[in-house]
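Analysis of the macromolecular model
Below are the chains, spelled out letter by letter.
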Amino acid sequence: MNDYIMHGMMCSYFTKKLEAYFLIKGIPYQFVEMDAPDMAQCGRQVGVTQMPQVQCPDGSWLTDTTPIIEHFEADTSLPALRPQDHLVAFFSYFLEDCFDEWFWTPGMYYRWAFAMDRNRRSEEFTHTVLANGLPLPRWLLRPIVVKRQQDVHLKANGIVSPAHARQMEDLYLDTLDLLQPILQKRPFLFGDRPCEADIGLFGPMFPHFGCDPTPQEIMHVRAPHVLRWLGRMWSTRPEELRQSAELTEVPTDLAPLLQKLASEYLPYLAANQKAYQCEATTTRYRLGGLDWEVSTAPYRVYCLSQLQQRYQSLSKQNQQKAAGLIGDGASEILAQKIECPPHMQNVNAKEPARIDSDRPLGRHWESSGTFFDQFADNWNARKTSKSLPEVKRPGTSWLPIYFKRFRAR
């Protein structure tokens, strides 16, 4: 069998991102909807508990969507999503990273702060990533997962007041307003073909903002061309890539979006790096006149170093052009000396960060976890997964787990 096996979850930010990438590239895969034992056991295979995890036809494993994309973009037998122009390639990667990391908190906020959204997803969790694990009834699992998600993804990410919540709400709304005229003019962010930036944007925009009830309704009215772009991304196939023109320039109308994200995300990354160097467990920064305190994320030290390496490898002329698009303050951060610990260097999809730990790391390479996380992980790792690979493509008989369970007989 030459198919890759993708272990993930239908409503997962990064699973849907990688699925879209595989579909657009024409990479054959089968899908495993993770249950609790599969989640724990995959984490032990790669050393990081996250989704998706990809098992290769030769039995090896790939993890972390950005390095996975890097892995496949090196394969010249597949149609390329990475632009050949160096400046366009830099901004494609920059936006992919911004959408991955900066939109994680608003994506989680909209999912777990509103009752309609969290009720839907907590119910789904009990049939998928919590299934076949701890022997608890669903009525008890649901409030447990809601509290866990709110503690880990809202409070630990700094959403501790209505003012903080409002900033996350406005980040989504403002981004929709910036994207709507861009995607009204052309099919994808940079032109007639998708690139890494589109793949990164798909992560929060489809499974979270595009499918969770509250942000979905906002998108339908406020940004219908963004909604249209979601369908275009999900349906694009390799033959369309081969027929589309190469991306050769950064469209000038991307400048407001680039400036907004660079002015917010890069100062946060710099603050996170300083906190990590000082061994501080929390990072403090200021955004829009509001003080934030969030958990320090080792993974984002790596993210900053990757952006700096790519920026500093540009020609002086392209660095000047980049500074004109993102502003001097942002370009100064990218031009600073790269300070990346040895265990975060040379990271790739087959070798995540080598951090000493007696248990798998979390997505942000943090070695700690809640007591519930640790207990559940140890319990689930000893159980047998009931999840099996399925072919999930048009024309197949695939059906979602929840529907199969409750389908009329």
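Residues numbered from 1 in each chain as written. Predicted model: local features only at pLDDT ≥ 70, side-chain atom pairs only at ≥ 80, totals over all residues. Heavy atoms only, no water.

1. Considerations on the overall build of the protein chain
- The helix and strand tally for the protein chain stands at 18 helices and six strands.
- In terms of overall dimensions, the protein chain has a C-alpha envelope of 60 × 50 × 45 Å along the principal axes.
- Counting across all 409 residues of the protein chain, residues that qualify as buried make up 56%.
- Long-range contacts, defined as pairs at least 24 residues apart, comprise 76% of the intrachain contacts of the protein chain with a sequence gap of at least 6.
- With the model as given, the accessible surface of the protein chain reaches about 17,800 Å², and the carbon-plus-sulfur share is 52%.
- Taking the average location of the 45 positive side-chain charges in the protein chain and that of its 47 negative ones, the two points are 5 Å from each other. (Helix = DSSP H or I, 4+ residues; strand = E, 2+ residues; numbered from the N terminus. Buried < 20%, exposed > 50% of the residue type's maximum accessible area, 1.4 Å probe, protein only. Contact = heavy atoms within 4.5 Å. Areas by Shrake-Rupley, 256 points an atom, 1.4 Å probe, with all protein chains shown as cover. Lys, Arg positive; Asp, Glu negative; His and termini not counted. Charge placed at Lys NZ, Arg CZ, Asp CG, Glu CD.)

2. Quick word on a nonpolar patch on the surface
- On the surface, Leu 136, Trp 139 and Leu 140 cluster together into a nonpolar patch covering about 310 Å² of accessible area.
- Looking at where Trp 139 falls in the secondary structure, it is placed in helix α7 (residues 138-155). (Patch = residues over 30% accessible without salt bridge, like charges linked within 9 Å, V, L, I, M, F, W, Y side chains within 5 Å. Salt bridge = Lys/Arg side-chain N within 4 Å of Asp/Glu carboxyl O.)

3. Here's the deal with the UniProt feature "domain: GST N-terminal" (unreviewed entry) in the protein chain
- As recorded in UniProt, the feature "domain: GST N-terminal" (unreviewed entry) lies at residues 7-76.
- Span residues 7-76 is 47% helix and 19% strand, its end C-alpha atoms 25 Å apart. (UniProt positions renumbered as here; feature names shortened; annotations may be inferred.)

4. Brief notes about the pairing of strand β2 (residues 29-33)
- Counting buried positions along β2 gives five out of five residues, so the element sits mostly inside the fold.
- Neither face of β2 is open: one carries Tyr 29, Phe 31 and Glu 33, the other Gln 30 and Val 32, and all of them are buried.
- Bridge count between strand β1 (residues 4-8) and β2: five bridges; the pairing is parallel. The partner of Tyr 4 across the bridge, within β2, is Tyr 29.
- Tracing the backbone out of β1, into helix α1 (residues 13-25) and back to the parallel element β2 gives a crossover that is right-handed. (Pairing = 2+ DSSP bridges. Right-handed = clockwise from strand over helix to strand, strands pointing away.)

5. As for unusual backbone geometry
- For the bond running from Met 51 to Pro 52, omega is 5°, close enough to zero to count as cis.
- Mapped onto the secondary structure, Pro 52 falls in the loop between α2 (36-46) and β3 (53-55).
- Backbone geometry places Asn 346, a non-glycine residue, at a positive phi of 60°.
- Tracing the sequence through the fold places Asn 346 in the loop between α16 (328-335) and α17 (371-381).

6. Some thoughts on the side chain of Glu 264
- If you trace the backbone, Glu 264 turns up in helix α13 (residues 255-277).
- Owing to a relative accessible area of 15%, Glu 264 belongs among the buried residues under this scheme.
- A polar atom in the side chain of Glu 264 sits 2.9 Å from the side chain of Lys 260.
- Once you skip the residues sitting within four places of it in the chain, Glu 264 turns out to touch Trp 102, Leu 171 and Leu 287. (Polar contact = N/O pair within 3.5 Å; in protein donor to acceptor, adjacent residues only side chain to side chain.)

7. Things to note about the sheet that holds β3
- With mixed pairing, four strands are arranged side by side in an open sheet as β2-β1-β3-β4. Edge positions in the open sheet fall to β2 and β4 (61-63), since each of these has one partner strand only. Neighbour-to-neighbour, the strand axes of the sheet open up by a mean angle of 25°, direction not taken into account.
- Of the strands in this sheet, β1, β2 and β3 touch α1, which is tilted by about 155° from β1.
- Contacting β1, β2, β3 and β4, α2 runs over the sheet at an angle of about 100° to β4. (Axes fitted to C-alpha atoms, helices over the stretch in contact; angles between N-to-C directions.)

8. Considering the packing of aromatic side chains
- Summed over all chains, the structure comprises 34 aromatic pairs.
- Ring centres of Trp 102 and Tyr 285 lie 6.4 Å apart, and the angle between their planes is 55°; on these two criteria the pair is classed as tilted. Residue Trp 102 is found in the loop between α4 (86-101) and α5 (104-112), and its partner Tyr 285 is found in strand β5 (residues 282-287); the two are separated by 183 residues along the sequence. Comparing Trp 102 with Tyr 285, the two get one shared label, buried. (Phe/Tyr/Trp six-rings, centres within 6.5 Å; stacked < 30°, edge-to-face > 60°.)

9. With respect to the environment of Ser 263
- With respect to the helices and strands, Ser 263 occurs in helix α13.
- Overall, Ser 263 belongs to the partly exposed group, its relative accessible area being 46%.
- Separated by 205 residues in the primary sequence, Ser 263 and Asp 58 place their C-alpha atoms 43 Å from one another.
- A distance of 2.9 Å separates the side chain of Ser 263 from the backbone oxygen of Lys 260, its partner in a polar contact.

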